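# Chain and residue survey
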Amino acid sequence: SKLFPNPFTQGVWIDVPLTLNMVNASLKNIIGQELKQFTVSGKEFIPLSDLSEGIYILQITKDNETLNIKIIRE
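Heads up: these notes are all about the structure in this document. (Residues numbered from 1 in each chain as written. Predicted model: local features only at pLDDT ≥ 70, side-chain atom pairs only at ≥ 80, totals over all residues. Heavy atoms only, no water.)

## Considering the overall build of the protein
Quick reminder of the rule: Each helix corresponds to a stretch of at least 4 residues labelled H or I by DSSP, and each strand to a stretch of at least 2 residues labelled E; elements are numbered beginning at the N terminus. Residue exposure (1.4 Å probe, protein chains only): buried if accessible area is under 20% of the type maximum, exposed if over 50%, otherwise partly exposed. In this analysis, two residues are considered to be in contact whenever any of their non-hydrogen atoms come within 4.5 Å of each other. For accessible areas, the Shrake-Rupley method is used with a probe of radius 1.4 Å. Any residue's cover is judged against the shown protein chains and nothing else. Counted as positive: Lys and Arg. Counted as negative: Asp and Glu, with His and the chain ends omitted from the count. The atom standing in for a charge is NZ when the residue is Lys, CZ when it is Arg, CG when it is Asp and CD when it is Glu.
Counting its regular elements, the protein contains 0 helices and 7 strands. Counting only C-alpha atoms and orienting by the principal axes, one finds that the protein spans roughly 35 × 20 × 15 Å. For the protein, with 74 residues in total, the buried portion stands at 30%. Expressed as a percentage of contacts within the protein between residues at least 6 apart in sequence, the contacts between residues at least 24 apart total 49%. For the protein, the computed accessible surface area is about 4,700 Å², with 50% contributed by carbon and sulfur atoms. Charged side chains in the protein number 7 positive and 8 negative. The centres of these two groups are separated by 2 Å.

Structure (structure tokens):
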């Protein structure tokens, strides 16, 4: 999965390869509290302009695989 821009201000685009079909994503703060949850298929914009500045973790899960991406809100 590709994610951009990073750092972001308004939100992020997530580009999920067609082979994956759909993934679950969870946005967590730096101490691991879950803030948002969503599913993504294809290329989708996730609006995150309500977040305060700082570092967040976007956790993408498909089947038993988990990918953690550090994203920064400017």
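Having seen it, we continue.
## Here we look at unusual backbone geometry
For the peptide bond that leads from Phe4 to Pro5, omega is -10°, which places it in the cis range. Mapping Pro5 onto the fold places it in the loop between strand 1 (2-4) and strand 2 (11-15). Here the residue pair Asn6 and Pro7 is connected by a cis peptide bond, since its omega of 5° sits within 30 degrees of zero. The topology assignment puts Pro7 in the loop between strand 1 and strand 2. Despite not being glycine, Asn21 has its phi angle at roughly 70°, a positive value.

## What to know about the nonpolar core
What counts here: Working definition of a nonpolar core: buried Ala, Val, Leu, Ile, Met, Phe, Trp, Tyr and Cys residues. They are joined through side-chain atoms within 4.5 Å.
One finds Ile14, Val40, Leu48, Leu58 and Ile71 to be the most contacted residues of the largest nonpolar core, which totals 18 residues. Among the elements of the structure, strand 2, strand 3 (23-29), strand 4 (34-40), strand 6 (54-62) and strand 7 (65-73) are those that each provide at least two residues to this core. Setting aside residues no more than four positions away along its own chain, Val40 makes contact with Ile14, Val16, Asn21, Met22, Val23, Ala25 and Ile46.

## Quick notes on the sheet that holds strand 2
Think of a sheet as strands paired side by side through backbone hydrogen bonds, with each pair either parallel or antiparallel. Cut-off, in case you're wondering: The criterion for strand pairing is that DSSP finds at least two bridges linking the strands in question. Lines are fitted to the C-alpha atoms to define the axes, a helix being fitted only along its stretch in contact, and any angle between axes, read from their N-to-C directions, falls within 0 to 180 degrees.
Read from one edge of the open sheet, 3 strands run 1-2-5, paired in antiparallel fashion. What marks the edges here is a single partner per strand, and that holds for strand 1 and strand 5 (43-47). With direction set aside, neighbouring strand axes in the sheet form an average angle of 20°. With 3 bridges connecting them, strand 1 and strand 2 associate as antiparallel partners. Paired with Leu3 across the strands is Ile14, a residue of strand 2.

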